[in-house]
Amino acid sequence: MRGAAEPPPAAGAEPGAAAAAVTGSTGGEAAKAAPRGPAGSDPPMGSERMEMRKRQMSTTQETPGAAQAQHSTGNRGSNACCFCWCCCCSCSCLTVRNQEEERTRRTSHELQAEGIPNCEESPAPTLEEVNAWAQSFDKLMFTPAGRNAFREFLRTEFSEENMLFWMACEELKQESNKSVIEEKARLIYEDYISILSPKEVSLDSRVREVINRNMLEPSQHTFDDAQLQIYTLMHRDSYPRFMNSAIYKDLLRYISEKSSF
């Protein structure tokens, strides 16, 4: 004989009641969990807590990102001039540009303060004179207008000191007063011969030794050897480029058009 039969489940009870009791609340509530109602009822309390935790974590992750985006936007707004082509004076690129312009203006002022001699006074050259400059370097250097045009070209090549030195030697030759000769010779030496001068001309060692000896007793011909060497340098080096330069060609065109009227 079998033992006493187990009592049948109560009428209306659902087979999933035991499973509902296991998946209910944790801890002590799990043992006492009552059977869930029919399908479509509220989710278990554990699922609600998990869902709330997920929402909290999602909100926490979004908050730092939003704050960082807001901080980045604020910085972009305060430094907007650095990211656009506006005329804001606080822009770093414009600050550098202003510094370069200030340096250029200061350099120009320093050059003016050095007292660069003005060009020689001369009437406007004729078409015949301008054409003659192309025939020989001597004809170019013979007229003041030719020297002025050539000097303008030398300035573009940063070698104007060659012409200035040659002209200073020509002025020295015209002097007869001994004290004036000594003073002008000293100035010429300091401006164009001294290695400390920014306008030093290019001379070989032999010519420099001759000048140093002549400076013991300066005369009108103290710099004759140096003047000839610089004249030859301009003739061989600068004169051919001058004849092919825009300065000469534009002057020749202007004189030709002017003389045709």
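**Student:** It is not clear to me how the overall build of the protein chain should be interpreted in this structure. Could you clarify?
**Tutor:** If you tally the helices and strands in the protein chain, you get 12 helices and 0 strands. The linear arrangement of helices and strands in the protein chain, starting from the amino end, is α-α-α-α-α-α-α-α-α-α-α-α. Looking at the protein chain as a whole, 24% of its 261 residues are labelled buried. A sequence separation of at least 24 residues applies to 55% of the contacts in the protein chain between residues at least 6 apart. Per element, the accessible surface of the protein chain, about 18,800 Å² overall, is 56% carbon and sulfur.

**Student:** Can you walk me through the environment of Asn 244 in this structure?
**Tutor:** Checked against the element boundaries, Asn 244 lands in the loop between α11 (224-243) and α12 (246-260). Since its relative accessible area comes to 58%, Asn 244 is described here as exposed. Considering only alpha carbons, one finds Asn 244 and Ala 134, 110 residues apart in sequence, at a separation of 9.9 Å. At 3.4 Å, the side chain of Asn 244 and the backbone oxygen of Pro 240 are in polar contact.

**Student:** I keep staring at the pattern of salt bridges and nothing clicks. Help me out?
**Tutor:** Side chains carrying opposite charge are able to pair once their charged atoms draw close together. For the structure on display, the rule yields 11 salt bridges. The partner of Glu 160 in a salt bridge is Arg 151, and the shortest N-O contact between them spans 2.6 Å. For Arg 151, a relative accessible area of 2% corresponds to the buried category. With its nearest N and O atoms 2.9 Å apart, the salt bridge here joins Asp 250 to Arg 253. In this pair, Asp 250 and Arg 253 both sit in helix α12, 3 residues apart, roughly one turn of the helix. Looking at Asp 250, the relative accessible area reads 41%, which means it is partly exposed. Bridged by salt links that share partners, the residues Arg 151, Arg 155 and Glu 160 form one connected network.

**Student:** Looking at this structure, I do not really get the confidence of the model for the protein chain. What am I missing?
**Tutor:** In low-pLDDT segments, the atomic positions of the prediction should not be examined closely. Of all residues in the protein chain, 55% have pLDDT values of 70 or greater, and the mean over the chain is 73. Long-range and interchain partners of residues 9-41, a stretch whose pLDDT sits below 50, account for 11 contacts in this model, where long-range means more than four residues apart. Low confidence marks residues 69-97, where pLDDT is under 50. Its contacts with residues over four positions away, or in another chain, come to 11 contacts.

**Student:** Which parts of the structure should I look at to understand the packing of helix α7 (residues 144-156) against helix α8 (residues 160-173)?
**Tutor:** Helix-helix packing is characterised by the crossing angle of the two axes and by the distance between the axes. Where α7 contacts α8, the two axes come as close as 7 Å, and the packing angle between them is 140 degrees. Listed contacts from α8 to Arg 147, Phe 150, Arg 151, Leu 154 and Arg 155 of α7 are Glu 160, Met 163, Leu 164, Trp 166 and Met 167. Of the residues in the contact of α7 with α8, the class split is 6 nonpolar, no polar and 4 charged.

Cut-offs applied
- Residues numbered from 1 in each chain as written.
- Predicted model: local features only at pLDDT ≥ 70, side-chain atom pairs only at ≥ 80, totals over all residues.
- Heavy atoms only, no water.
- Helix = DSSP H or I, 4+ residues; strand = E, 2+ residues; numbered from the N terminus.
- Buried < 20%, exposed > 50% of the residue type's maximum accessible area, 1.4 Å probe, protein only.
- Contact = heavy atoms within 4.5 Å.
- Areas by Shrake-Rupley, 256 points an atom, 1.4 Å probe, with all protein chains shown as cover.
- Polar contact = N/O pair within 3.5 Å; in protein donor to acceptor, adjacent residues only side chain to side chain.
- Salt bridge = Lys/Arg side-chain N within 4 Å of Asp/Glu carboxyl O.
- pLDDT = per-residue confidence, 0-100.
- Axes fitted to C-alpha atoms, helices over the stretch in contact; angles between N-to-C directions.
- Nonpolar A, V, L, I, M, F, W, Y, C, P; charged D, E, K, R; others polar.

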